[in-house]
Amino acid sequence: MMVAVGTDVAHDMMGFIDASPTPYHAVHNVAARLSDAGFEEFDPRRGGQPGARFVVRDGGLVAWFDGDSPAKAPRLLGAHTDSPNLRIRPRPDLGVAGFRQLAVEVYGGALLNSWLDRDLGLAGRVAVRDGAEIRQVLVRSGGPMLRVPQLAIHLDRGINDKGLQLDPQQHLSPVWGLGAAHDGDFVEWVAALTEVATTDVLGWDIACFDTEPPALIGPDGDLLASARLDNLCSTFGALEALLALRWAGGGPGVIVLHDHEEVGSTSTTGADSAWVASVLEQRSAALGWERVEHLRWIESGAMVSADMAHATHPNHTGRHEPNHWVLAGGGPVIKHNENQRYATDGTGAARFRLACEDAGVPVQDYSHRGDLPCGSTIGPLSSARLALDTVDVGMAQLSMHSARELMATDDVGHMVAAFSAWLQGGGR
Ligand code: ZN
């Protein structure tokens, strides 16, 4: 019974990730699911009753369910919608040696090797002229469009001894056809996709994505391989937890989905921004609260910052802190770092542990090796920006920042159960 439920929710997540090649698509899909569940787009100019609301801005989204007691200490859950990838430059048309190519810029800390020899699609957002206005159009190519071909071993004899050397300027331009390249080829393609004249394509944010859909792997389907697990897995978990809160009642619960975590979070919709604080203050103002009431309300809350964690790699166990191995399939991971690369403290860890206990899922602890620099995530920034107790958690995965990552199928169910218990006030 448990296994079947776990696999169903894993398939739901796989569908969500496949439909979300960029942050713009991810928040579009989250907003659509919320609308279907009766959430309304928040209009700060309209005062109103407590309710179920959401706000979308670019690749970010904030949503909340006030419940019957909107002044109660809120539970928050944050995640990020972006993943490392290759993005199309503003003047991308290149042509060398009979190939047509596109110029790309690396976004975030991508494992560059993982982008080689994959059939890549193109997706993103295009700004088109619409009379005197600008209209945003979500786009996605129908099938594979590009490929970054790896150099043959006969022309790179040292590769298996010395390792692969990739220069991001020289070696990553994808090919997308044969013949002579013309300045304007790419704009023509975008214009055809968006069904406007080339002169009406005014700007774009377009990225490459791996067209291979997510898959369950292994004789028992224990493993789940997919692009963008970091961090659409947590984004999906946040969405499911908010929907579960709506059906269960209770609250208030808030989810915040940030863009630009992979490049440091300083942007309009990144975690190092005034945006979420501003949206939540407008939410409280619409309920007729004084500002000081709102500030007290936020400070009384607690947040989970959800981002992926490193499972212990079976071929590289020496890279992990020997007393803090993390098992794929072993449930959510509480991430600890005394130097505040993660926002977790003992109280936050205790709260999340109790939420997992409520949910009946196992929980693990991660601590980074002392001789390797530790990564970070949105937790410390959210905690600082909102003056909010925060605990950093995440599901275990391998191959973080690869174009295709790997996790345990069962952990999707563990995550949804734990995040749902968290938003419902578990471990209070
Ligand atoms: Zn991440």
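A quick note: this is a predicted structure, and the numbers were derived from the prediction, not measured.

**Things to note about the coordination of the zinc ion**
And then number 1: Summarising the metal site, the zinc ion is bound by the protein donors His80 (NE2), Asp230 (OD), Asp307 (OD) and Asp307 (OD), whose distances to it range over 2.0 to 2.5 Å.
And then number 2: Written as a sequence motif, the donor residues of the zinc ion are H-x149-D-x76-D. In this pair, His80 is assigned in strand β4 (residues 75–80) and Asp307 in the loop between β14 (302–306) and β15 (309–310), connecting sequence segments 227 residues apart.

**Points about the pattern of salt bridges**
A pair can form between side chains of opposite charge whenever their charged atoms are brought close.
And then number 1: A complete count under the given rule lists 19 salt bridges for this structure.
And then number 2: The salt bridge involving Arg33 is made with Glu240; its shortest N-O contact spans 2.9 Å. One end of the pair, Arg33, is in helix α2 (residues 23–36); the other, Glu240, is in helix α5 (residues 229–248), and 207 residues separate them in sequence.
And then number 3: Residues joined in a network through salt bridges with shared partners are Asp58, Arg125 and Asp205.

**Details of helix α9 (residues 378–386)**
And then number 1: If you check which residues of α9 are buried, you get Ile378, Gly379, Pro380, Ser382 and Leu386.
And then number 2: The inward-facing, buried residues of α9 contact β4, β13 (253–258), α6 (275–286), α7 (291–299), β14 and β18 (389–394).
And then number 3: Two residues or fewer past α9, Ala387 is found with a positive phi of approximately 50°.

**A word on the sheet that holds strand β19 (residues 396–398)**
And then number 1: Spatially, β11-β12-β20-β19-β15 is the arrangement adopted by the five strands of the open sheet, whose pairing is mixed. Either end of the sheet is taken by a strand with one partner, and the two such strands are β11 (215–217) and β15.
And then number 2: As paired strands, β19 and strand β20 (residues 405–408) are joined by two bridges and run antiparallel to one another. By the bridge assignment, Gln397 is partnered in β20 with Met407.
And then number 3: Where α5 meets the sheet, its contacts fall on β12 (223–226), β19 and β20, and the angle it forms with β20 comes to roughly 40°.
And then number 4: Docked against the sheet, helix α10 (residues 410–423) engages β12, β19 and β20, running at close to 70° with respect to β20.

**Looking at the packing of aromatic side chains**
Describing an aromatic ring pair means giving the distance of the ring centres and the angle of the ring planes.
And then number 1: Tallied over the full model, the rule gives eight aromatic pairs.
And then number 2: Judged by centre distance (6.0 Å) and plane angle (55°), the ring pair of Trp176 and Phe186 falls under tilted. Placement of Trp176 in strand β9 (residues 175–178) and of Phe186 in helix α4 (residues 185–194) is noted, with a sequence separation of ten residues between them.
And then number 3: Taking relative accessible area as the criterion, Phe186 reaches 0% and is therefore assigned buried.
And then number 4: Plain terms: the ring middles of Phe352 and Trp422 are 6.3 Å apart, the flat faces sit at 50° to each other, and that makes the pair tilted. Here Phe352, found in helix α8 (residues 346–359), pairs with Trp422, found in helix α10; they are 70 residues apart in sequence, far enough to count as distant.
And then number 5: With a relative accessible area of 0%, Phe352 lands in the buried category.
And then number 6: Look at Trp422 and you get buried, because its relative accessible area is 1%.
And then number 7: Taken together through their ring pairs, the aromatic side chains of Trp176, Phe186, Trp189 and Trp204 make up a single cluster.
And then number 8: The ring of Trp422 carries Arg75 above its face, with NZ or CZ at 3.8 Å from the centroid.
And then number 9: Across from the ring centre of Tyr107, 3.6 Å away, lies the NZ or CZ of Arg87, which sits over that ring.

**Some details on the state of the cysteines**
And then number 1: On inspection of all chains with the given rule, the structure shows zero disulfides.
And then number 2: Looking at the unpaired Cys356, the closest cysteine sulfur is the one in Cys233, lying at 14 Å.

**With respect to the nonpolar core**
And then number 1: Leu34, Leu77 and Phe352 are the most contacted members of the largest nonpolar core, which totals 56 residues.
And then number 2: Top contributing element to this core by residue count: α5, with ten residues.
And then number 3: By size, the runner-up hydrophobic cluster in this structure holds 28 residues, among which are Leu86, Phe186, Val201 and Cys208.

**Considerations on the pairing of strand β5 (residues 85–96)**
And then number 1: By the bridge criterion, eight bridges tie β5 to strand β6 (residues 99–107) in an arrangement that is antiparallel. Bridge assignment links Ile88 to a residue of β6, and that residue is Val104.
And then number 2: The hairpin turn running from β5 into β6, its antiparallel successor, is two residues long, and Ala97 in that turn takes a positive phi close to 55°.

**Remarks on the pairing of β13**
And then number 1: With six of six residues buried, β13 is to be regarded as a mostly interior element.
And then number 2: Burial of β13 is two-sided: the residues Gly253, Ile255 and Leu257 facing one way and the residues Val254, Val256 and His258 facing the other way are all buried.
And then number 3: Sheet analysis places strand β3 (residues 60–65) next to β13, joined by five bridges and oriented antiparallel. Along β13, the bridge assignment pairs Trp64 with Val254.
And then number 4: Across six bridges, β4 lies against β13 in parallel orientation. When the bridges of β13 are listed, His80 appears paired with His258.

**Overview of the domain arrangement of the chain**
And then number 1: The assigned domain composition of the chain is domain 1 (7–83 + 227–423) and domain 2 (85–210).
And then number 2: The C-alpha-based centres of domain 1 and domain 2 are spaced at 30 Å.
And then number 3: At the junction of the two partners, domain 1 supplies 23 residues and domain 2 supplies 19 residues.
And then number 4: A combined buried area of about 1600 Å² lies between domain 1 and domain 2, and 56% of that area is made up of carbon and sulfur atoms.
And then number 5: The tally of links from domain 1 across to domain 2 stands at one salt bridge.
And then number 6: Note that Arg125 is salt-bridged to Asp58, the shortest N-O span being 2.8 Å.
And then number 7: Taken together, the connections running from domain 1 to domain 2 amount to eight residue pairs in polar contact (both at pLDDT 80 or more).
And then number 8: Residue contributions to the side of domain 1 that touches domain 2 peak at four residues, all from α2.

Cut-offs applied
- Residues numbered from 1 in each chain as written.
- Predicted model: local features only at pLDDT ≥ 70, side-chain atom pairs only at ≥ 80, totals over all residues.
- Heavy atoms only, no water.
- Donors = N, O, S within 2.8 Å, 3.2 Å for Na, K, Ca; no water.
- Helix = DSSP H or I, 4+ residues; strand = E, 2+ residues; numbered from the N terminus.
- Salt bridge = Lys/Arg side-chain N within 4 Å of Asp/Glu carboxyl O.
- Buried < 20%, exposed > 50% of the residue type's maximum accessible area, 1.4 Å probe, protein only.
- Contact = heavy atoms within 4.5 Å.
- Pairing = 2+ DSSP bridges.
- Axes fitted to C-alpha atoms, helices over the stretch in contact; angles between N-to-C directions.
- Phe/Tyr/Trp six-rings, centres within 6.5 Å; stacked < 30°, edge-to-face > 60°.
- Lys NZ or Arg CZ within 6 Å of the ring centre and 35° of its normal.
- Disulfide = S-S within 2.5 Å.
- Core = buried A, V, L, I, M, F, W, Y, C linked by side-chain atoms within 4.5 Å.
- Domains from an automatic or database assignment.
- Buried area = accessible area lost by both parts, 1.4 Å probe.
- Polar contact = N/O pair within 3.5 Å; in protein donor to acceptor, adjacent residues only side chain to side chain.

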